[in-house]
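The lines below spell out each chain.
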Amino acid sequence: MNASRAAYLLGLLAIFAMLLALSLALFQLLATLRPDLPGAFVQSSMVVLLSFLGLLVVRYFALLWFSYLAHLARYREEYPEHFLPLVSILVPAYNEGAVIQGSIRSLLQLDYPRYEIIVIDDGSKDDTYRKAVVFEGTHGGASVHVIRKRNGGKSRALNTGIAAANGEFVLCMDGDSALHPLTLRRAVRHLADPRVAAVAGSVKVVNRSNLLSSLQGLEYVEGLNMVRAAQGFFRLVNIIPGPIGVFRVAALRGVGGYDHDTFAEDCDLTLKLLAEGWQVHYEPEAIAYTEAPEKLLDLLKQRYRWTRGILQAIRKHRETMRHPLRHPAMAFTLAYMVFEGILWPSMNVFAHLLFVIVATRFGAALPLVLWWAQLTVLDLAAALYCVVVEEEELRLVPYALLYRAFFALTIDVAKVFATCEELLRLRMDWGKLERIGRI
Amino acid sequence: MDLVPYLSAVILVATIATILLAIGSYAAFKLRDKRKPRAQQGPPPVFFHRYRPEEPDPGLAAPAPPEAR
């Protein structure tokens, strides 16, 4: 049996695990509808939460199924072999002195015949410019240019880079990321289709040195890449990740480039492209490696900005939801984002609080155990499938046991607080993360 | 041996601890965020300070007018 066939088999096994999870959900449905739990509020809450859990089972099942279909479709897809246009790689950098050289070095090792690297130093206060400028010049098929500008944020830096780019396509990334050598070659081939505006790549955590960063390693594989793969099946990826996205310059110019009125400029730009009717693909072999926060407070800072930024982007494009028939794909995308960004975290926190009260006051801990078991089984199935398909480290799978009980709940509490702050329109600023320099 | 009561206890304790940790760490994050601008301000730039000599520096004293010849 060859490796790809074995991967299919394991993928199928993961889907069977999903079916098991479904049966566990039914079991939970029967087990938790206990008539002896007092109070109409508790009973009705249980029914709501069980319905929501059923929705989550469908969500996991659908994502796994469509990402599996996308995986199969990759082998049938035919791309033009000689489509290798000039690509401009834009590297916005603000105080990335610790990682910028590693990032540029990884770019110089790309397996691609013609590309230019444009580093945009966004008014860094550290030695980013000095460290980047030593690479300026031609290195084989690649040329490096460094632009220095007054600090204005990532979106303005990327717009500066787009204006300076000579290529018909640009690869936008973060200054703290590194790319796999095949990234450009794998991503650009999608853009031979003139209907495609952009290709989202796969982001992987490079520092899996402690519990928190290992859990994020699993989260990126299972929580983010699996969702993108499923969305990619419909050509409707809703967030092109900051560390890796390849764009058609004409499409970017058509929507006015990056806006700077949200804290999730990548999400906002993707939504603008989808609203214009462009396709956005996902390429799992276009890989960017990024540093994940290793401390809890840094992680909360990052997720706070993501949550509020995504909510700002949803609010900005909410008009589309009022006319779902005019833009059905866009309306579905936004509805999905509301589900993932607001509804699920809120329900998860509510469920845990309710179950803790029920367990401590009425001695019924079973609902809490079953809620955890159900979601953990789903996570394990998804983790197993994603690790196999992405040829990731198998050691990430057992982290799924801790993922739901500790990691997801902590993040969801922060998301709920961030959502409240966003609804109250409290002031926020960019939370620049401290870089360790593992790239 | 019935494992469910033990599992229930472990998950209940873990959940309560995680909720408390999550709320506490969020509060800590906000506190750190609020403190940060003050820490970044640092001492004000010296060129905005008005120079007020307390005592005349003998080294910088104006030279005596040349004696009349």
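Treat the numbers as computed from the prediction; the structure is a model and nothing was measured. (Residues numbered from 1 in each chain as written. Chains lettered and ligands numbered in written order. Predicted model: local features only at pLDDT ≥ 70, side-chain atom pairs only at ≥ 80, totals over all residues. Heavy atoms only, no water.)

Caption draft 1: Representation of the overall build of chain A within the structure. Within chain A, the regular secondary structure consists of 14 helices and nine strands. Taken along its principal axes, the extent of the C-alpha atoms in chain A is 75 × 55 × 45 Å. By sequence separation, contacts in chain A at least 24 residues apart represent 84% of the contacts at least 6 residues apart. Surface accessibility of chain A: about 18,000 Å² in total, with carbon and sulfur atoms responsible for 61%. Positive and negative side-chain charges of chain A, numbering 45 and 41 respectively, have mean locations separated by a distance of 3 Å. (Helix = DSSP H or I, 4+ residues; strand = E, 2+ residues; numbered from the N terminus. Contact = heavy atoms within 4.5 Å. Areas by Shrake-Rupley, 256 points an atom, 1.4 Å probe, with all protein chains shown as cover. Lys, Arg positive; Asp, Glu negative; His and termini not counted. Charge placed at Lys NZ, Arg CZ, Asp CG, Glu CD.)

Caption draft 2: Layout of the side chain of R404 of chain A. All names here are of chain A. The topology assignment puts R404 in helix α14 (residues 400-423). Using a relative accessible area of 5% as the deciding quantity, one classes R404 as buried. Side-chain polar atoms of R404 contact the side chain of D379, separated by 2.8 Å. Setting aside chain neighbours within four positions, we find R404 in contact with Y60, W344, N348, W372, L375, T376, D379 and L409. (Buried < 20%, exposed > 50% of the residue type's maximum accessible area, 1.4 Å probe, protein only. Polar contact = N/O pair within 3.5 Å; in protein donor to acceptor, adjacent residues only side chain to side chain.)

Caption draft 3: Just the packing of helix α12 (residues 328-362) of chain A against helix α13 (residues 366-389) of chain A, in detail. Residues and elements named next belong to chain A. In the contact formed by α12 and α13, the axes pass within 9 Å of each other and the chain directions differ by 150°. Regarding α12 and α13, the two cross each other, and that crossing is left-handed. Residues N348, A351, H352 and F355 of α12 touch α13, and the partners they reach there are P367, L368, W371 and L375. (Axes fitted to C-alpha atoms, helices over the stretch in contact; angles between N-to-C directions. Left-handed = near helix turned anticlockwise from the far one by under 90°.)

Caption draft 4: Region of interest: the interface of chain A and chain B. Residue-level contacts link 27 residues of chain A with 20 residues of chain B. When the two sides are added together, the surface that chain A and chain B hide from each other amounts to roughly 2,100 Å², 78% of it contributed by carbon and sulfur. Of all residues in chain A, L297, K301 and V369 of chain A give up the largest surface area on contact with chain B, accounting jointly for 23% of the area buried on that side. On the surface where chain A and chain B come into contact, there are two salt bridges. The partner of D298 of chain A in a salt bridge is R32 of chain B, with the nearest N and O atoms 3.0 Å apart. Inspection of the chain A/chain B interface yields four residue pairs in polar contact (both at pLDDT 80 or more). Residue assignment for the side of chain A that touches chain B shows that the elements contributing at least two residues are α10 (296-316), α12, α13 and α14 of chain A. Broken down by element, the residue count for the side of chain A that touches chain B peaks at nine residues, all from α14 of chain A. Among the residues forming the side of chain A that touches chain B, the class breakdown is 19 nonpolar, three polar and five charged. (Buried area = accessible area lost by both parts, 1.4 Å probe. Salt bridge = Lys/Arg side-chain N within 4 Å of Asp/Glu carboxyl O. Nonpolar A, V, L, I, M, F, W, Y, C, P; charged D, E, K, R; others polar.)

Caption draft 5: Fine view of unusual backbone geometry. Residues and elements named next belong to chain A. A positive phi angle is found at N95, which is not glycine, with a value near 50°. In this structure, N95 sits in the loop between β1 (87-93) and α3 (100-108). Classification of N95 by relative accessible area gives partly exposed; the value is 24%. Positioned with a positive phi, E391 is a non-glycine residue whose angle comes to about 50°.

Caption draft 6: Broad picture of the confidence of the model for chain A. Mean pLDDT over chain A: 87, with 91% of residues reaching 70 or higher. Ranking the helices and strands of chain A by mean pLDDT puts strand β8 (residues 245-248) of chain A first, with 97, and helix α1 (residues 3-32) of chain A last, with 66. (pLDDT = per-residue confidence, 0-100.)

Caption draft 7: Spotlight on the pairing of strand β4 (residues 142-149) of chain A. Residues and elements named next belong to chain A. Bridge analysis of strand β2 (residues 115-122) against β4 gives eight bridges, and the strand direction is parallel. Bridge assignment links V119 to a residue of β4, and that residue is V146. Here strand β3 (residues 137-139) pairs with β4 via three bridges, running antiparallel. Paired with G137 across the bridge in β4 is V144. (Pairing = 2+ DSSP bridges.)

Caption draft 8: Here's a closer look at the packing of aromatic side chains. Residues and elements named next belong to chain A. Here the structure, examined in full by the defined rule, presents 18 aromatic pairs over all chains. Taken together, a centroid distance of 6.3 Å and an interplanar angle of 70° make the contact between F247 and Y258 edge-to-face. Placement of F247 in strand β8 and of Y258 in the loop between α8 (249-254) and α9 (265-275) is noted, with a sequence separation of eleven residues between them. Pair check on accessibility: F247 and Y258 agree, each one buried. Ring geometry for F339 and W344: centres 6.4 Å apart, planes at 35°, overall tilted. Exposure remark for W344: the relative accessible area of 8% places this residue in the buried category. Here the aromatic cluster, defined as three or more aromatic residues joined through ring pairs, consists of F52, Y60, F339 and W344. The aromatic ring of Y60 is capped on one face by R59, whose charged end is 4.9 Å from the ring centroid. Cation over ring: R148 sits above Y129, and NZ or CZ is 4.3 Å from the ring centre. (Phe/Tyr/Trp six-rings, centres within 6.5 Å; stacked < 30°, edge-to-face > 60°. Lys NZ or Arg CZ within 6 Å of the ring centre and 35° of its normal.)

Caption draft 9: Region of interest: the pattern of salt bridges. All names here are of chain A. For the structure on display, the rule yields 30 salt bridges over all chains. The shortest N-O distance in the salt bridge between D111 and R185 comes to 3.3 Å. In this pair, D111 sits in the loop between α3 and β2 while R185 sits in helix α6 (residues 183-188), placing the two residues 74 residues apart along the sequence. Exposure remark for R185: the relative accessible area of 28% places this residue in the partly exposed category. With a shortest N-O distance of 3.2 Å, E392 and K204 are connected by a salt bridge. Placement of the pair is E392 in the loop between α13 and α14 and K204 in strand β7 (residues 196-205), with a sequence separation of 188 residues. Bridged by salt links that share partners, the residues K204, R208, E390, E392, E393 and R395 form one connected network.

Caption draft 10: Summary view of the confidence of the model for chain B. Chain-level statistics for chain B give a pLDDT mean of 68 and a share of 49% at 70 or above. Across the assembled chains, the prediction reports ipTM 0.79 with pTM 0.83.

Caption draft 11: Examining the sheet that holds strand β5 (residues 169-172) of chain A more closely. Residues and elements named next belong to chain A. Overall, mixed pairing links the nine strands, which are arranged β3-β4-β2-β1-β5-β8-β7-β9-β6 in an open sheet. A strand with exactly one partner marks an edge of an open sheet, and here the two such strands are β3 and β6 (177-179). Strand-to-strand twist in this sheet, taken as the mean axis angle between neighbours without regard to direction, amounts to 30°. Where β6 and strand β9 (residues 279-290) come together, three bridges link them in antiparallel fashion. Within the sheet, the bridge partner assigned to A178 lies in β9 and is Y289.

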